[in-house]
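# Coordinate inspection notes
One letter stands for each residue in the lines below.
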Amino acid sequence: MSAPIGPYSPVVEAGDLIIVSGQLGLVGGTLAEGVSAQTEAVIANLVTRLAEVGATLANVVKTTCFLADMATFSEFNDAYVAGFGEHRPARSTIGVAGLPLGAAVEIEAWAYRG
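Values in this document were obtained by computation on a predicted structure and should not be read as measured data.

What follows is about the overall build of the protein chain. Helix and strand counts for the protein chain stand at two helices and seven strands. Along its sequence from the N terminus, the protein chain presents helices and strands in the succession β-β-β-β-α-β-α-β-β. Taking 13 Å as the expected radius of gyration for a compact globule of 114 residues, we find that the protein chain reaches 13 Å, a close match to that expectation. Based on the C-alpha atoms only, the size of the protein chain along its principal axes is roughly 35 × 30 × 20 Å. Sorting the 114 residues of the protein chain into buried and exposed places 39% on the buried side. For the protein chain, contacts bridging at least 24 residues in sequence account for 72% of all contacts bridging at least 6. For the protein chain, the exposed surface amounts to about 5,700 Å²; the carbon and sulfur share of it is 56%. Averaging the positions of the 5 positive and the 11 negative side-chain charges in the protein chain gives two centres separated by 7 Å.

Structure (structure tokens):
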């Protein structure tokens with residue numbers, strides 16, 4: 001798992017809530033190529049961060065997704081659905097002017113362990 005690229009905690013527990021800071025599509029410290037590959041890597045990184053505190057994607061209740069180019073929404077959405085399977089947390093997807101390291105995708109997740 002890549003170390004955080006800034007001064008923040010990658011995952012925090014607050015009672016029954018688990019907050020995973022925005023994850024990028026890093027694989028071995030390098031950005032995956034393309035929106036689909038980055039989305040797949042982001043979800044894999046979310047899985048790893050959640051596992052650090054004994055949770056899974058099934059615990060995720062909300063994601064906030066950031067896209068550097070909203071024209072890639074359909075491609076992103078297909079990869080997101082593939083990664084989350086039948087689980088459908090609440091979600092916001094926001095187009096942004098840029099993301100760290102020139103990433104195309106970033107996802108933050110809120111999970112609940114009740």
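Structure's up, so let's keep going.
This part is about the pairing of strand β2 (residues 17-24). Taken across its eight residues, β2 has six buried, putting it largely inside the fold. Between strand β1 (residues 11-14) and β2, which pair antiparallel one after the other, the connecting turn spans two residues, and G15 there sits at a positive phi close to 65°. In the sheet, β2 pairs with strand β7 (residues 105-112) via six bridges, with the strands oriented antiparallel. Note on β7: the bridge partner recorded for Q23 is I107.

What follows is about the pairing of β7. Note that strand β5 (residues 60-67) and β7 share seven bridges and pair antiparallel. Bridge assignment links T64 to a residue of β7, and that residue is E108.

Right, let's get into the pattern of salt bridges. Side chains that differ in charge, positive against negative, can pair when their charged atoms come close. Within this structure, the stated rule accounts for two salt bridges. Residue R113 pairs with E13 through a salt bridge whose shortest N-O separation is 2.3 Å. Of the two residues, R113 sits in the segment after β7 while E13 sits in strand β1, which places them 100 residues apart along the sequence. Accessibility expressed as a relative area gives 27% for R113, which makes it partly exposed.

The rules behind the values
Residues numbered from 1 in each chain as written. Predicted model: local features only at pLDDT ≥ 70, side-chain atom pairs only at ≥ 80, totals over all residues. Heavy atoms only, no water. Helix = DSSP H or I, 4+ residues; strand = E, 2+ residues; numbered from the N terminus. Rg over C-alpha atoms; globule rule 2.2 N^0.38 Å. Buried < 20%, exposed > 50% of the residue type's maximum accessible area, 1.4 Å probe, protein only. Contact = heavy atoms within 4.5 Å. Areas by Shrake-Rupley, 256 points an atom, 1.4 Å probe, with all protein chains shown as cover. Lys, Arg positive; Asp, Glu negative; His and termini not counted. Charge placed at Lys NZ, Arg CZ, Asp CG, Glu CD. Pairing = 2+ DSSP bridges. Salt bridge = Lys/Arg side-chain N within 4 Å of Asp/Glu carboxyl O.

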